[in-house]
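So the chains spell out like this:
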Amino acid sequence: MLRYLTAGESHGPQLTAILDGLPAGLPIDITQINFQLLRRQKGYGRGGRMKIEQDRVTIRSGLRHGVTLGSPITLVIENRDWANWSLIMDPVKPIPAALGVRERRLAYETHTPRPGHADLAGGIKLNQHDLRNVLERASARETAARVATGSLARQLLEHFGVEFASHVIRIGEAAIKKDVPLNNLERLRSITEESPVRCAESKTGREMMAAIREAKKKRDSVGGVVEVIVRGIPVGLGGFSQWDNRLDGRLAGALMAIPSVKGVEIGLGFAAAAVRGSKCQDRIFYDAKGDP
C-alpha cells in the first residue's frame, strides 16, 4: 500500500512529500515527474504565480542510481517566490465592521479572508489572528507535492501496462458537443497537450478560452469539468469488507481533497439518476481468447 504525506506552505521555502510503499527495483524517470509538474502549471488564464515558479523536483531519499530502494522516498520542490514573501509581516485579518466604505474596500483588496477558502474557518478554529498562518498551508499550491508523488505512483502503474489520459469537457457554459473518441488514449493525450485548455475539440476549446477572457474582464472566474480515463487496471483493487477499503470511495476522497473540486462522478455519475439501471451498467463479456 502506498502512503504519502506532504508538508510546506505556499510561500514557504519548499514543499516536501514523503512517499512510502514503492517496491524496490523500480526505475524512476525524474524528467517525467518534472513533466507532470509542468503540466500542472499550464492552463489558459492561470494566475501570475505560475509565471514565477518553475517547479522541479529533487529526490532526497529512497533512490539510488535512478532505482527505488524500497524505503521511503522524499521529494522536495523549492518555492522561488519565497524570497518575495519571507519578509512580509502585515497580518491578514478579518475586516472590522466599524470601517467606512472606502476603508472596507481597501481592506477587502488587501487583507480580507476569501470566500471559498479555509482562511476564516481555519482562523476561528485554530485561534489565529493572522490568517496567513492558515491560508499558506490551505493553498492549492500544496497540490504540487501531490502531483510529484502521483507521478511516482503513475510510473509504477505504467510499468504494469496501465494507461492514463484526461481532458477538459466544460469551462463555464462552453462544453464539448459530442462524446470524445477514447479508443486511442495516446492520440487523445497528444491532442489535449496542444490545447491551451486541454480540450479535445478545437472549436470548443476556443469557446472555453473566450469564457475565461470574459470572466477575467469582469474580475470574476469560471469553473469547469475534467474527465480522467484509466485503462488496464487489474481486477480486485480496493476491497469490500470495510467501507474505507472501497475503491470508488478512495478515488472520490482523493479527488475531493483538491481544493477546487466540488463534485466527483464515476462512470455515468449524476446522470445515472435520470436513466434506468439497464442503461447504467457495462455488459460483462469475454474476448476471442476467452480471457475476462
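Residues numbered from 1 in each chain as written. Predicted model: local features only at pLDDT ≥ 70, side-chain atom pairs only at ≥ 80, totals over all residues. Heavy atoms only, no water.

Looking at an unreviewed UniProt entry, one finds the chain named Chorismate synthase and attributed to candidate division GN15 bacterium. UniProt annotates the chain under Sequence similarities (unreviewed entry) with the comment "Belongs to the chorismate synthase family." (UniProt positions renumbered as here; feature names shortened; annotations may be inferred.)

Once that is clear, we can look at the pairing of strand β1 (residues 3–7). Inspection of the sheet shows β1 paired to strand β2 (residues 14–20) by five bridges, in the antiparallel sense. Within the sheet, the bridge partner assigned to Tyr4 lies in β2 and is Leu19. The loop that links β1 with its antiparallel partner β2 comprises six residues; one of these, Gly8, has a positive phi angle of about 120 degrees. (Pairing = 2+ DSSP bridges. Helix = DSSP H or I, 4+ residues; strand = E, 2+ residues; numbered from the N terminus.)

Moving on to unusual backbone geometry. A positive phi angle is found at His65, which is not glycine, with a value near 55 degrees. One can find His65 in the loop between β4 (63–64) and β5 (67–68). The backbone phi angle of Asn127 is positive, close to 55 degrees, even though this residue is not glycine. The topology assignment puts Asn127 in the loop between α5 (119–126) and α6 (132–138). In this structure Asn127 comes out as exposed when scored by relative accessible area, which is 55%. (Buried < 20%, exposed > 50% of the residue type's maximum accessible area, 1.4 Å probe, protein only.)

As enumerated under the stated definition, the model contains 13 salt bridges in all. Of the charged contacts in the structure, one is a salt bridge between Glu158 and Arg154, with a shortest N-O distance of 3.0 Å. Remark: Arg154 and Glu158 occur in helix α7 (residues 143–159); sequence separation between them is four residues, near one turn of the helix. A salt bridge links Arg198 to Glu193; the shortest N-O distance between them is 3.0 Å. The class for Glu193 is partly exposed, based on a relative accessible area of 26%. (Salt bridge = Lys/Arg side-chain N within 4 Å of Asp/Glu carboxyl O.)

Looking now at the sheet that holds strand β6 (residues 73–78). Spatial strand order, β1-β2-β6-β3: four strands in an open sheet with antiparallel pairing. Of all strands in the sheet, those bounded by a partner on one side alone are β1 and β3 (57–61). Strand after strand, the sheet turns through a mean of 20 degrees between neighbouring axes, direction not considered. Pairing of β3 with β6 involves four bridges; the strand directions are antiparallel. Paired with Ile59 across the bridge in β6 is Leu75. Contacting β3 and β6, helix α1 (residues 30–41) runs over the sheet at an angle of about 135 degrees to β3. (Axes fitted to C-alpha atoms, helices over the stretch in contact; angles between N-to-C directions. Contact = heavy atoms within 4.5 Å.)

Of note, Leu120 is situated in helix α5. Accessibility expressed as a relative area gives 39% for Leu120, which makes it partly exposed. Sequence separation between Leu120 and Leu131 is eleven residues, and the spatial gap between their C-alpha atoms is 7.1 Å.

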